[in-house]
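Read off the chains here:
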Amino acid sequence: MLGACSSTPDFPPAPPLAASDDYSYIIGPGDSLNIIVSRNPELSMQVPVRPDGKLATPLVDELVAQGKNPQQLARELEQALGKYVRDPVVTVIVTGFVGPYSEQVRVVGQAAKPQFLPYKQKMTLLDVMIAVGGLTDFAAGNSATILRTSEGNKQYSVRLKDLINRGDISANVEMRPGDILIIPQSYF
């Protein structure tokens, strides 16, 4: 009977490598952007991406930034500014990272500080656990799972207790944009 209380659904172990070499950062609401217009310092500025995913600059009332990489946004700004400035050259640098909700890594359950984290290339499970302050005393760390939204909500088992408490680095796996780390509560 005790065995039934502690059993969890069996999910395959998370693959150790998950990052893609062709990953490109996607701008999201809350990001801070440094927009530089070459030869036009009066048009260069630091702007936030509003909650609706848009930004405003001099001469450009509104432009959707969300869902684009910095290069795509720079080309669109060049096109919009081209109506007013001869051959504008625009560079967009992301200086404050939040990213779109679809790419944030979320940690729920028995983490010391459950939260979302901006995804970073080659981010690992250990990086995530350091950011959220580890496990609570009530966590069932080896029953944790990763819900991988990029693979149609496929779930993988991960061994957080082995990784954090025992230092078993073989339990460390790479995260993907949009992953949700679910840490259940231990019943005993």
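Worth saying up front: this structure is predicted, and the values here are computed from it rather than measured.

Draft legend 1. Molecular detail of the overall build of the protein chain. Helix and strand content of the protein chain: 4 helices and 10 strands. Along its sequence from the N terminus, the protein chain presents helices and strands in the succession α-β-β-β-β-α-β-β-β-α-β-β-α-β. Radius of gyration (C-alpha) of the protein chain: 21 Å, far over the 16 Å computed for a compact globule of 188 residues. Evaluated residue by residue, the protein chain yields a buried proportion of 42% over its 188 residues. Just so you have it, the protein chain exposes about 10300 Å², and 55% of that area is on carbon and sulfur atoms. Once the 17 positive and 19 negative side-chain charges of the protein chain are each reduced to a mean point, those two points are 0 Å apart.

Draft legend 2. Representation of the sheet that holds strand β8 (residues 145-148) within the structure. With respect to topology, 5 strands assemble into an open sheet ordered β7-β6-β10-β8-β9, the strand pairing being mixed. Edge positions in the sheet fall to β7 (115-117) and β9 (154-157), since each of these pairs with one other strand and no more. Recorded for the sheet is a direction-independent mean angle of 20 degrees between the axes of neighbouring strands. Pairing geometry for strand β6 (residues 105-109) and β7, over 3 bridges, is antiparallel. Bridge pairing in β7 links R106 to F116.

The rules we used
Residues numbered from 1 in each chain as written. Predicted model: local features only at pLDDT ≥ 70, side-chain atom pairs only at ≥ 80, totals over all residues. Heavy atoms only, no water. Helix = DSSP H or I, 4+ residues; strand = E, 2+ residues; numbered from the N terminus. Rg over C-alpha atoms; globule rule 2.2 N^0.38 Å. Buried < 20%, exposed > 50% of the residue type's maximum accessible area, 1.4 Å probe, protein only. Areas by Shrake-Rupley, 256 points an atom, 1.4 Å probe, with all protein chains shown as cover. Lys, Arg positive; Asp, Glu negative; His and termini not counted. Charge placed at Lys NZ, Arg CZ, Asp CG, Glu CD. Pairing = 2+ DSSP bridges. Axes fitted to C-alpha atoms, helices over the stretch in contact; angles between N-to-C directions.

In short, the description is geometric, and any link to function would need to be established separately.
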